[in-house]
Amino acid sequence: MVHSPGAPVTRLAALRGLATRPLPEPPAGLRRGPFREGSFRSRLHDAALAARLGRWLGVLFAVCLVTGLLSHWAQSPDPWVAFPTRPVWLYRVTQGVHVLAGMAMIPVLLVKLFVVYPRLFTWPPVRSLLHGLERLSLLLLVGGALLQVATGLMNIAGWYAFGFFFPVGHYWGAWVTAGALLVHVGAKLSTARAALAQPLSGEVLPPPDEEDRAPALSRRALLASTVAASAAVVVVTAGQTVRPLAPLALLAPRDPRIGPQGLPVNKSAAAAGVEAAATDPAYRLRVDGPVPRELSLADLAALEQVSARLPIACVEGWSAEGIWTGVRVRDVLALAESPEDRDILVQSLQRNGLYARSVLSPAAARDPLTLLALRLGGEPLHLDHGYPVRLIAPARPGVLQTKWVARLGPR
Ligand SMILES: Nc1nc2c(c(=O)[nH]1)N[C@H]1C(S)=C(S)[C@@H](COP(=O)(O)O)O[C@H]1N2
Ligand SMILES: [Mo]
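Residues numbered from 1 in each chain as written. Chains lettered and ligands numbered in written order. Predicted model: local features only at pLDDT ≥ 70, side-chain atom pairs only at ≥ 80, totals over all residues. Heavy atoms only, no water.

Notes on the packing of helix 2 (residues 47–75) against helix 6 (residues 219–238)
Working step 1: Where helix 2 contacts helix 6, the axes come no closer than 10 Å and their chain directions differ by 15°. Accordingly, the angle class assigned to the pair helix 2 and helix 6 is roughly parallel. Remark: the crossing between helix 2 and helix 6 carries right-handed chirality. Along its contact with helix 2, which presents Leu-49, Arg-52, Leu-53 and Trp-56, the element helix 6 presents Arg-219, Leu-222, Leu-223, Thr-226 and Val-227.
Working step 2: Per-class residue counts for the contact of helix 2 with helix 6 are 6 nonpolar, 1 polar and 2 charged. (Axes fitted to C-alpha atoms, helices over the stretch in contact; angles between N-to-C directions. Helix = DSSP H or I, 4+ residues; strand = E, 2+ residues; numbered from the N terminus. Parallel < 35°, antiparallel > 145°, perpendicular 65-115°, else oblique. Left-handed = near helix turned anticlockwise from the far one by under 90°. Contact = heavy atoms within 4.5 Å. Nonpolar A, V, L, I, M, F, W, Y, C, P; charged D, E, K, R; others polar.)

Regarding the packing of helix 2 against helix 5 (residues 166–197)
Working step 1: At a closest axis distance of 10 Å, the pairing of helix 2 and helix 5 adopts a crossing angle of 150°. The angle between helix 2 and helix 5 places the two elements in the roughly antiparallel class. As for the relative orientation of helix 2 and helix 5, their crossing is left-handed in sense. On the side of helix 2, the interface is formed by Ala-47, Ala-48, Ala-51, Arg-52, Arg-55, Phe-61, Leu-65, Leu-69 and His-72, while helix 5 contributes Tyr-171, Ala-174, Trp-175, Thr-177, Ala-178, Leu-181, Ala-192, Ala-195 and Leu-196.
Working step 2: Among the residues making up the contact of helix 2 with helix 5, the classes are represented as 14 nonpolar, 2 polar and 2 charged.

Observations concerning the pattern of salt bridges
Where charged atoms from two side chains of opposite charge approach closely, those side chains can pair.
Working step 1: Inspection of the entire model under this criterion finds 10 salt bridges.
Working step 2: Between Asp-78 and Arg-411 there is a salt bridge whose closest N-O contact spans 3.0 Å. With Asp-78 in the loop between helix 2 and helix 3 (90–116) and Arg-411 in the segment after strand 10 (405–410), this pair connects stretches of sequence that are 333 residues apart.
Working step 3: Residue Asp-78 is classed as exposed on the basis of its relative accessible area, which comes to 55%.
Working step 4: Overall, the relative accessible area of 39% leaves Arg-411 in the partly exposed class.
Working step 5: When salt bridges that share partners are traced, they join Asp-78, Asp-343 and Arg-411 into one network. (Salt bridge = Lys/Arg side-chain N within 4 Å of Asp/Glu carboxyl O. Buried < 20%, exposed > 50% of the residue type's maximum accessible area, 1.4 Å probe, protein only.)

So, in structure tokens, the structure goes:
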């Protein structure tokens, strides 16, 4: 080996040689069970099929990553740049797409794993250092992808059986999976290109040497049914956010039409422990600022009332629109002479819980459509929708649309 500091190219070549140098093959006696030659006979374990499924997965993963990062940004309490507040349906669309793309991934991921799992038992298991590293990255890729899909699915079903805070785990899981995917694509690029150039056989082939066995499915038919399953999942889930599809929303945990005042409820007043405080006639909205204010419901009703059609767009993928009526946050803050360039902390009557408070960026607080709603669909707000006062703002994740507001002011 050459060790001259002036020859980085030679050193790189040496490193490359080390990484790709064949490792000694393990004794053939260990080659048992699924490691034996010809253990997997189905013609569906096929590179051309794997590459096509992989391409689909890559597209869906990219959509999930981008929309997921947007959601992370929208929920960040301290963003460099505030998440935009227009169009008002922005978050509704990005998060709806996020959940749908994640759901669509499930059949494709499962079929892809079925198609490629025999490769788990390649022989020798590790050919070189580089090959070993690549196989290790597959562990992260498969583990990460399954974890992302499973935690996402559990989250939309409201089943928090995992021992970590969902947004944090799902966020870091995404980066690990993305990194492993990048390595995978890099390692497989030329193989995948060649496999994609091959036509996908529509022929129904029996396993080799078993010409008399009844074959089941062609590769093309498996690909087509996977895509169809994926599309079907989308159709029976999309109704939780796309109204015309609501009657088909068999898989959606939420029907956007069902709930008090025609809108779903994520946490009821009883569950939040706010029934007494929210219905107390002594309720006053506290507004912090140089001239602190305490406003009764009558005071609020005497201010200019604004109506706007705005969606509640839950991170779980369901969304529904309502016509909200109430006062502008900026008008209320002006009464307390609160400065216009500060983050605004909104606090609920709810004592505990992650969603008992939220932060409005200065731009969101100034937005003429950022409201403290008193009415929904023309009626006084239902207790479960946040009576007496709830925050409703454009292009804002549902988790930040604080209900039963007790107090607001500069953070
Ligand atoms: N105080 C408080 N506000 C809250 C919540 C909560 O648990 N506590 N849940 C949030 C979530 S996750 C959503 S999606 C919306 C749902 O509003 P809705 O129940 O009126 O449909 O309220 C948000 N506001
Ligand atoms: Mo939510």
